[in-house]
Structures are given as C-alpha cells and as structure tokens.
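# Summary of the model geometry
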Amino acid sequence: MAILSNKNKTYDTTGLKVPVSLAVIMDGNGRWAKKRLLPRSAGHRAGAENLKELCRNCGRYGVKYLTVYAFSTENWSRPEDEVHQLMELFVEFFEKYDPELEQEGIRVRFTGDISALPEKVRKTIAEGEERSKNRQKMQLIVAMNYGGRREIENAARKLASKVKAGEIEPEDITEQMLSENMYLPDVPDPELIIRPSGEMRLSNFLLWESAYAEFWVSETLWPDFGYDDLTQAFKDYAGRDRRFGGLSSKEAKS
Ligand code: IPE
Ligand code: IPE
Ligand code: MG
C-alpha cells in the first residue's frame, strides 16, 4: 500500500495495516433524508449510491472481503411501503451497477435468510452471484434479511440434524463445527466493524463472527460516509492493540 488518490486528494498510506475482512453497518439513511426534509426513500437511494463508492475505496485499499448490512431480520417491522422501496432499490442497484463492480473486479455474494425474500430479489441474488463468481479482487458480501441470531439458530439446526441422523454425538460439537455451519464459512471473521451514524450497537449483525472484531463508530451518516472516514477508521484500527485475551505484544516480551 502506498499512495492512493481520490477526487484530487492524495493519501500516503504507506505501512497502514488494512483489515482483510471489513464489515459496515450502513445506518443513518433516514436521518440523512430528514435533515434535508426529504422522504426516507431518498436517504435509502443516497445510501445505495454510497455503497458503490465504499466498494471502490475498499478495493483500492486492498480489503479482500467487505460485508455490508443492507436489511436485517428486524427491518420487516418497518412500514410496508418502506420495506417495498428497499427491496426495489436493491434489485435496481445490482442491475444498474454490476458493470462498475465488474470493472473493479468485485465478486458479489449474499448472506442471510435468502429463502424468505421475494422472488424478484432472489432472482437478482442468484444472477448477481453467478455473473460475478470469477471476479478476484474483492468480495462484496451483502447481508440481506440477515440476523446474527437466525444464523446461529440455523447452524444449530444443521448440527442437530446430524446428531439425529447418528452422524455425530452431541459431545462432538465444537466451536469450529459451529463456524463451519454459518452461512458463509469461507469468509474470514471481520477484523473491523464500522458503524456510521453514532449508534453503539451491533443490531444483530455478525454476532458469532464479531467475537474479536474491533468496533469503530462515526457520527457521519451512512450516505455521507466517504474516503476520509474510511481512512480515519483504518488509521485508528492500525493503532489498536488487539490482545485476544492475552497480553499485548510489548508486555509479553518484558
Ligand atoms: C439504514 O438506515 C438502512 C436500513 C436499515 C435498511 P436507517 O433507515 O436505519 O436510517 P436511520 O437510522 O433511521 O437514520
Ligand atoms: C441496522 O440498522 C440494520 C441495517 C443497517 C441494515 P437499524 O437502523 O435497523 O438498527 P437499529 O434499529 O437502530 O438498532
Ligand atoms: Mg437505523
């Protein structure tokens, strides 16, 4: 990583440690719209536009897996027309922007309870995954109808079936086996989770995978979250002392 340029700005990122696996909770679309006296749907549209920007920036920084929270299992409790607009926007985004994602070498995958999504959305998901499967630079993983608890519930059910079938004994179950039965076991746990909009909670995002993730919150609302915010998050992340329950590397040597 050396010099990165973006919109007439140049950043020297030499030596900056960037997460291999990054997760972002795309929150604050409603507040962004409210500040501008616009309908919430305008905020969601601006948020979708910004996802394209984040993908480009993460690709340039060398992030390999970018997981974004697009729609939670709890978001169904919003008014029906907002849910409908979000689903429509989702389909539109992947139809409109796939050529740009292709240009950036971005493979698209999805995580969540996909089977419960409307037919049209499932079609977009299947086509998007198929079309992009050979792209190598970065994986964009979109969490859609995703809930961390539902993911764990699903993994528990899969293991319980194996017990019932006599393939394993209950005492054989390990953390590793649970990990292997999450939605996308080949995607590394995120080292860093970013939440724009100031909320300091996970809202049911990546509960299993976030055990040792660093958490970074910014006041910037998601549609405004840009290159400077991302750069700041990476700088702060690079300075964190990740101890994983042990001692810091300095203490361990003394
Ligand atoms: C995130 O923005 C988008 C989704 C949850 C789908 P919000 O719609 O939650 O925006 P705020 O939190 O109301 O500002
Ligand atoms: C989390 O945001 C879900 C997404 C960004 C998709 P929410 O706006 O739904 O979370 P809460 O309700 O503030 O916890
Ligand atoms: Mg919100």
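For the structure itself, consult the block above.
Structure report, in brief. Computed from a predicted model, the values in this text were never measured in an experiment.

By nearness alone, every residue bordering ligand 2 is listed as Ile25, Met26, Asp27, Tyr69, Ala70, Phe71, Asn75, Arg78, Arg195, Arg201 and Ser203. Measuring from an oxygen atom of ligand 2, one finds a side-chain N or O atom of Arg195 at 3.4 Å. Compared with its free state, where it exposes 390 Å², ligand 2 has 77% of that area covered by protein. Among the elements that take part in the shell around ligand 2, strand β4 (residues 65–72) stands out by supplying 3 residues, more than any other. In the shell around ligand 2, the residues fall into 5 nonpolar, 2 polar and 4 charged.

Turning our eyes to something else, we now look at the side chain of Asn29. The topology assignment puts Asn29 in helix α1 (residues 29–35). In this structure the side chain of Asn29 is engaged in a polar contact, spanning 3.0 Å, whose partner is the side chain of His44. When residues no more than four places from it in sequence are discounted, the contact partners of Asn29 are Gly43, His44, Gly47, Trp222 and Pro223.

The next thing to look at is unusual backbone geometry. Phi is positive for Asn145, close to 50°, though the residue is something other than glycine. Summarising the element assignment, Asn145 is placed in strand β6 (residues 138–146). Residue Asn145 is classed as buried on the basis of its relative accessible area of 0%.

The sheet built from 6 strands is open, its strands ordered β5-β6-β4-β3-β7-β8 with parallel pairing. Looking at which strands have only one partner, the edges of the open sheet turn out to be β5 (106–111) and β8 (214–217). Averaged over all pairs of adjacent strands, the angle between strand axes in this sheet comes to 20°, irrespective of strand direction. Summarising the sheet, β5 and β6 pair through 6 bridges and their orientation is parallel. The residue bridging Thr111 from the neighbouring strand is Ala143, located in β6. Lying over the sheet, helix α4 (residues 119–132) contacts β5 and β6, oriented at roughly 140° with respect to β5.

Core analysis: the largest hydrophobic core is formed by 46 residues, its most contacted members being Leu22, Leu54 and Leu66. Sorting elements by how many residues they give to this core places helix α3 (residues 80–103) first, with 10 residues. Other than its neighbours up to four places away in sequence, Leu66 contacts Leu22, Val24, Leu54, Cys55, Cys58, Met138, Gln139, Leu140 and Ile141. Listed in part, the 8 residues of the second largest apolar core include Ala23, Tyr146, Ile193 and Phe205.

Further remarks concern the pattern of salt bridges. This structure, assessed with the given rule, holds 25 salt bridges. The partner of Glu82 in a salt bridge is Arg78, and the shortest N-O contact between them spans 3.0 Å. For Arg78, a relative accessible area of 29% puts it in the partly exposed group. Across the pair Arg201 and Glu199 runs a salt bridge whose closest N-O atoms are separated by 3.9 Å. Taking the relative accessible area as the measure of exposure, Arg201 reaches 47% and is therefore partly exposed. One network of salt bridges, in which partners are shared, links Asp27, Arg31, Arg195, Glu199 and Arg201.

Looking now at the environment of Tyr227. Structurally, Tyr227 is set in helix α7 (residues 227–239). Separated by 26 residues in the primary sequence, Tyr227 and Arg201 place their C-alpha atoms 23 Å from one another.

Turning our eyes to something else, we now look at the packing of helix α2 (residues 40–61) against α7. Packing of α2 against α7 brings their axes to within 10 Å, and their N-to-C directions diverge by 40°. The angle between α2 and α7 places the two elements in the oblique class. Judged by the twist between their axes, the crossing of α2 over α7 is right-handed. Contacts from Leu54, Asn57, Cys58 and Tyr61 of α2 reach α7 at Tyr227, Leu230, Thr231 and Phe234. Split by residue class, the contact of α2 with α7 holds 6 nonpolar, 2 polar and no charged.

Rules used throughout
Residues numbered from 1 in each chain as written. Chains lettered and ligands numbered in written order. Predicted model: local features only at pLDDT ≥ 70, side-chain atom pairs only at ≥ 80, totals over all residues. Heavy atoms only, no water. Near = heavy atom within 4 Å. Polar contact = N/O pair within 3.5 Å; in protein donor to acceptor, adjacent residues only side chain to side chain. Areas by Shrake-Rupley, 256 points an atom, 1.4 Å probe, with all protein chains shown as cover. Helix = DSSP H or I, 4+ residues; strand = E, 2+ residues; numbered from the N terminus. Nonpolar A, V, L, I, M, F, W, Y, C, P; charged D, E, K, R; others polar. Contact = heavy atoms within 4.5 Å. Buried < 20%, exposed > 50% of the residue type's maximum accessible area, 1.4 Å probe, protein only. Pairing = 2+ DSSP bridges. Axes fitted to C-alpha atoms, helices over the stretch in contact; angles between N-to-C directions. Core = buried A, V, L, I, M, F, W, Y, C linked by side-chain atoms within 4.5 Å. Salt bridge = Lys/Arg side-chain N within 4 Å of Asp/Glu carboxyl O. Parallel < 35°, antiparallel > 145°, perpendicular 65-115°, else oblique. Left-handed = near helix turned anticlockwise from the far one by under 90°.

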